[in-house]
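Report on the structure
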Amino acid sequence: MDWFNKQLSAEVKSEDLPPKNKAKIISALTVTAVISSAVIAADIKAPIDGSEHQEHIHPIIEVNYANTKLNIDGMPNEADWQQAKWHPIDQMIIGPEISADDFSGQYKLLWRENKLFLLTEIIDDVMFDQTADPTVLYWDDDTVEVFLDEDASGGEHQYSHNAFAYHVALDRQVADFSSLKEATTFNDHIDTKWSRDPVNPQIINWEMAINIFPENYNDSLSGFDPKQVSPVTLTAGKIMGFMLAYCDNDRSHTRENFIGSHPIKPIDGDMNRGYKDANVFGKIKLIK
Ligand SMILES: [Ca+2]
Ligand SMILES: [Ca+2]
Ligand SMILES: [Ca+2]
Ligand SMILES: [Ca+2]
């Protein structure tokens, strides 16, 4: 039944379905669980795991060291940001093609010993936070999703911290599934602030400082409990799995588009694989 619960949860998380369809899936899965146990047993033998080939289809992105401390204020006016390279957010994962003023985005990365820094520049015509609870339907709100795999292992991570899929919301709350299979906030992992560009207010400058936690992060303890595993100290040459995406909703019931930074090979037409499979991430290398 553990497999069944996992499937059910995965389907309910499946962002592109309205509630009435979710109910149908729940009922269909119940029937499947009762009458097709042989089929389910066959499926159990084919999980996504680290033993599968990683999808080495993306060039490694080099990330420069920030020479001065960055102020996370939603203002990218630090000299280090000015010198960092832009990377596109232009891969449509879910939804139809859209105009540049509906969504367009790009990002930069920097690092220091204790943080990975992310600057995302977004144009989104409607900023929308439909559900106040940060752990409910957070993928249907406007959200920057930051995918991080500290040891670049790739592999399954939906209910483990083999990798994180941080959903950073407009209200600066950070959500992901925990190893306890619950949607949980990880607000002490990412310090974040966004603001409208003072020159062009259509542009949102979204700045983040990210603590890089390893896979043995303990969900029973807070991020900075003395007994918690420490964030990793970053050094030049380190390689991590990384990907970025934006959930764009402009007042619809469910999100309208999901746009990523890296091309993802579809499986049965589905490119929305990042939240469970770190093999689809790209890689970043810290340089100094
Ligand atoms: Ca700043
Ligand atoms: Ca939009
Ligand atoms: Ca990992
Ligand atoms: Ca939007």
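The coordinates are above.
So, here's what we can say about the structure. Since the model is a prediction, treat every value here as computed from it, not as a measurement. (Residues numbered from 1 in each chain as written. Chains lettered and ligands numbered in written order. Predicted model: local features only at pLDDT ≥ 70, side-chain atom pairs only at ≥ 80, totals over all residues. Heavy atoms only, no water.)

A look at the overall build of the protein chain
Summing up its helical and strand segments, the protein chain has four helices and 14 strands in all. Buried residues in the protein chain amount to 49% of all 288 residues. Considering only residue pairs separated by 6 or more positions, the protein chain has 64% of its internal contacts joining residues 24 or more positions apart. Counting only carbon and sulfur atoms, one obtains 54% of the accessible surface of the protein chain, whose full area is about 13300 Å². (Helix = DSSP H or I, 4+ residues; strand = E, 2+ residues; numbered from the N terminus. Buried < 20%, exposed > 50% of the residue type's maximum accessible area, 1.4 Å probe, protein only. Contact = heavy atoms within 4.5 Å. Areas by Shrake-Rupley, 256 points an atom, 1.4 Å probe, with all protein chains shown as cover.)

A few points about the pairing of strand 4 (residues 103–112)
In terms of residue burial, strand 4 counts as a mostly covered element, since eight of its 10 residues are buried. With two bridges connecting them, strand 1 (residues 61–65) and strand 4 associate as parallel partners. Looking at the pairing, Asn 64 lines up with Leu 110 of strand 4. As paired strands, strand 2 (residues 87–89) and strand 4 are joined by three bridges and run antiparallel to one another. By the bridge assignment for strand 4, His 87 is matched with Tyr 107. Strand direction decides the pairing type here: strand 4 and strand 5 (residues 115–124), joined by 10 bridges, are antiparallel. Residue pairing in the sheet places Ser 104 in a bridge with Ile 123 of strand 5. (Pairing = 2+ DSSP bridges.)

Digging into the coordination of the calcium ion (ligand 4)
Looking at the metal site, the calcium ion (ligand 4) is ligated by Asp 124 (OD), Asp 124 (OD), Val 126 (O), Asp 142 (OD), Asp 142 (OD), Asp 248 (OD), Asn 249 (O) and Asp 250 (OD), spaced 2.3 to 2.8 Å from it. Between consecutive donors of the calcium ion (ligand 4), the numbers of intervening residues give the motif D-x1-V-x15-D-x105-D-N-D. In this structure, the calcium ion (ligand 4) lies 3.8 Å away from the calcium ion (ligand 2), the two metals sharing Asp 124 as a donor. Within this pair, whereas Asp 142 is found in the loop between strand 5 and strand 6 (143–149), its partner Asp 248 is found in strand 12 (residues 239–248), the two being separated by 106 residues in sequence. (Donors = N, O, S within 2.8 Å, 3.2 Å for Na, K, Ca; no water.)

Brief notes about the pairing of strand 10 (residues 190–196)
Judged from the seven bridges that link them, strand 10 and strand 11 (residues 203–210) form a sheet pairing that is antiparallel. Across the sheet, residue Ile 190 finds its bridge partner in strand 11, namely Ile 210. What sits between the antiparallel neighbours strand 10 and strand 11 is a turn of six residues.

Looking at the coordination of the calcium ion (ligand 1)
Within the protein, the calcium ion (ligand 1) binds to Asn 71 (O), Asp 73 (OD), Met 75 (O), Glu 78 (OE), Glu 78 (OE), Glu 207 (OE) and Glu 207 (OE); these donor distances fall in the range 2.3 to 2.8 Å. For the calcium ion (ligand 1), all donor residues lie on one chain, and their spacing in sequence is N-x1-D-x1-M-x2-E-x128-E. The class for Asp 73 is partly exposed, based on a relative accessible area of 22%. Residue class for Glu 78 comes out buried when judged on its relative accessible area of 10%.

Brief notes about unusual backbone geometry
At Ala 152, a residue that is not glycine, the phi angle is positive and equals roughly 55 degrees. By the element assignment, Ala 152 lies in the loop between strand 6 and strand 7 (164–169). Ala 152 sits in the buried class, given a relative accessible area of 13%.

Details of the pattern of salt bridges
A full pass over the atoms with the stated rule returns three salt bridges. A salt bridge links Glu 150 to Lys 238; the nearest nitrogen and oxygen atoms lie 2.6 Å apart. Taken as a pair, Glu 150 in the loop between strand 6 and strand 7 and Lys 238 in the loop between strand 11 and strand 12 lie far apart in primary sequence, 88 residues in all. Accessibility expressed as a relative area gives 16% for Lys 238, which makes it buried. (Salt bridge = Lys/Arg side-chain N within 4 Å of Asp/Glu carboxyl O.)

Details of the packing of aromatic side chains
For the structure on display, the rule yields 14 aromatic pairs. Ring centres 5.7 Å apart and planes at 45 degrees place the aromatic pair Tyr 107 and Phe 242 in the tilted group. Of the two residues, Tyr 107 is situated in strand 4 and Phe 242 in strand 12; the sequence distance between them amounts to 135 residues. Phe 242 shares its class with Tyr 107; the two are buried. A centroid spacing of 6.2 Å and a plane angle of 45 degrees characterise the contact between Trp 194 and Trp 206, whose relative ring orientation is tilted. With a gap of 12 residues between them, Trp 194 in strand 10 and Trp 206 in strand 11 connect regions that are remote in the sequence. (Phe/Tyr/Trp six-rings, centres within 6.5 Å; stacked < 30°, edge-to-face > 60°.)

What to know about the environment of Gln 82
Within the element layout of this structure, Gln 82 appears in helix 4 (residues 79–83). For Gln 82, a relative accessible area of 53% translates into the label exposed. Counting along the chain gives 26 residues from Gln 82 to Lys 108, while the straight-line C-alpha distance between them is 9.7 Å. When sequence neighbours within four positions are dropped, the list of residues in contact with Gln 82 reads Pro 76, Asn 77 and Lys 108. At 3.0 Å, the side chain of Gln 82 and the backbone oxygen of Pro 76 are in polar contact. (Polar contact = N/O pair within 3.5 Å; in protein donor to acceptor, adjacent residues only side chain to side chain.)

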